[in-house]
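Understanding the architecture of this molecule
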Amino acid sequence: SGPSWDEMGSALGVTQQNLPPHGRGALTIGWRTGLFSSGLETVAHPNLIRERSANKAASSGPLRKRSPVDLLDSTPYATYGVDVPLGALVGAGGIAHVSCTVLPEHGVLEHEVQLKIDDAQGATSLSLVLEQSMQDPRRARVRFGTSYARG
């Protein structure tokens, strides 16, 4: 979780820390929602969802009633991540976090690398996420993000 809408309150889970290798691993099992995945402004009003569902039903036959869980785009998840100190490469304040997450309801594997470098001038973060389809591993989507805060 983080400071933006798409990161706040979107997951609830239980984490076991101090796992291999060398006590730097962590396993989290929990529940995650994609409600704010594209930002607060993209959350659809329930009337809009009903209109889209009605239009889809007219063209494709019977409509399955959507539950509140469907509207939240929720899924259980399991993730294993490892923190890797980058001291020799970028100085004492650098760390990389490498993780793999399974989202079974969405049929997705997420492979993620986060780099954080802190020094006297500020903090820099870089993230790269590869979302890979579990049904067709050749299908993937890549997200890249950066941030910098002056110290």
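The paragraphs below set out a description of the structure included in this document. (Residues numbered from 1 in each chain as written. Predicted model: local features only at pLDDT ≥ 70, side-chain atom pairs only at ≥ 80, totals over all residues. Heavy atoms only, no water.)

**As for the environment of threonine 75**
- Within the element layout of this structure, threonine 75 appears in strand S3 (residues 74–85).
- If we ignore the near neighbours within four places in the chain, the residues touching threonine 75 are Gly30, Trp31, Arg32, Leu103, Pro104, Glu105 and His106.
- Here the side chain of threonine 75 touches glutamate 105 through a polar contact of 3.2 Å, landing on its backbone nitrogen. (Helix = DSSP H or I, 4+ residues; strand = E, 2+ residues; numbered from the N terminus. Contact = heavy atoms within 4.5 Å. Polar contact = N/O pair within 3.5 Å; in protein donor to acceptor, adjacent residues only side chain to side chain.)

**Focus on the packing of aromatic side chains**
- With the rule as written, the count across this model stands at zero aromatic pairs.
- The lysine or arginine in question, arginine 32, covers the ring of tyrosine 77, its NZ or CZ lying 5.8 Å from the ring centre. (Phe/Tyr/Trp six-rings, centres within 6.5 Å; stacked < 30°, edge-to-face > 60°. Lys NZ or Arg CZ within 6 Å of the ring centre and 35° of its normal.)

**Here we look at the pattern of salt bridges**
- Enumeration according to the criterion identifies five salt bridges in this entry.
- Between glutamate 110 and arginine 143 there is a salt bridge whose closest N-O contact spans 3.8 Å. Of this pair, glutamate 110 sits in strand S5 (residues 108–119) while arginine 143 sits in strand S7 (residues 140–150); the two residues are 33 residues apart in sequence, bridging distant segments of the chain.
- What makes arginine 143 partly exposed here is its relative accessible area of 39%.
- Here arginine 141 makes a salt bridge to glutamate 131, at a shortest N to O gap of 2.6 Å. On the criterion of sequence distance, the pair formed by arginine 141 in strand S7 and glutamate 131 in strand S6 (residues 122–133) is long-range, its members being 10 residues apart.
- Several salt bridges converge on common partners, so that one network encompasses Arg32, Glu110, Glu131, Arg141 and Arg143. (Salt bridge = Lys/Arg side-chain N within 4 Å of Asp/Glu carboxyl O. Buried < 20%, exposed > 50% of the residue type's maximum accessible area, 1.4 Å probe, protein only.)

**Some points on the environment of arginine 150**
- Tracing the backbone through its elements, the reader meets arginine 150 in strand S7.
- Taking the relative accessible area as the measure of exposure, arginine 150 reaches 76% and is therefore exposed.
- Once residues lying within four places of it in the same chain are set aside, the contact partners of arginine 150 are Gln121 and Gly122.

**So, the sheet that holds S6**
- Ordered by their spatial adjacency, seven strands build an open sheet running S1-S2-S3-S4-S5-S6-S7, and the pairing between neighbours is antiparallel. Edge positions in the sheet fall to strand S1 (11–19) and S7, since each has one partner strand and no second. Direction aside, the axes of adjacent strands within the sheet are offset by 15 degrees on average.
- The pairing of S1 with strand S2 (residues 25–33) spans seven bridges and is classified as antiparallel. Paired with glutamine 16 across the two strands is leucine 27, which belongs to S2. (Pairing = 2+ DSSP bridges. Axes fitted to C-alpha atoms, helices over the stretch in contact; angles between N-to-C directions.)

Take it as geometry only, folks, not as evidence of what the structure does.
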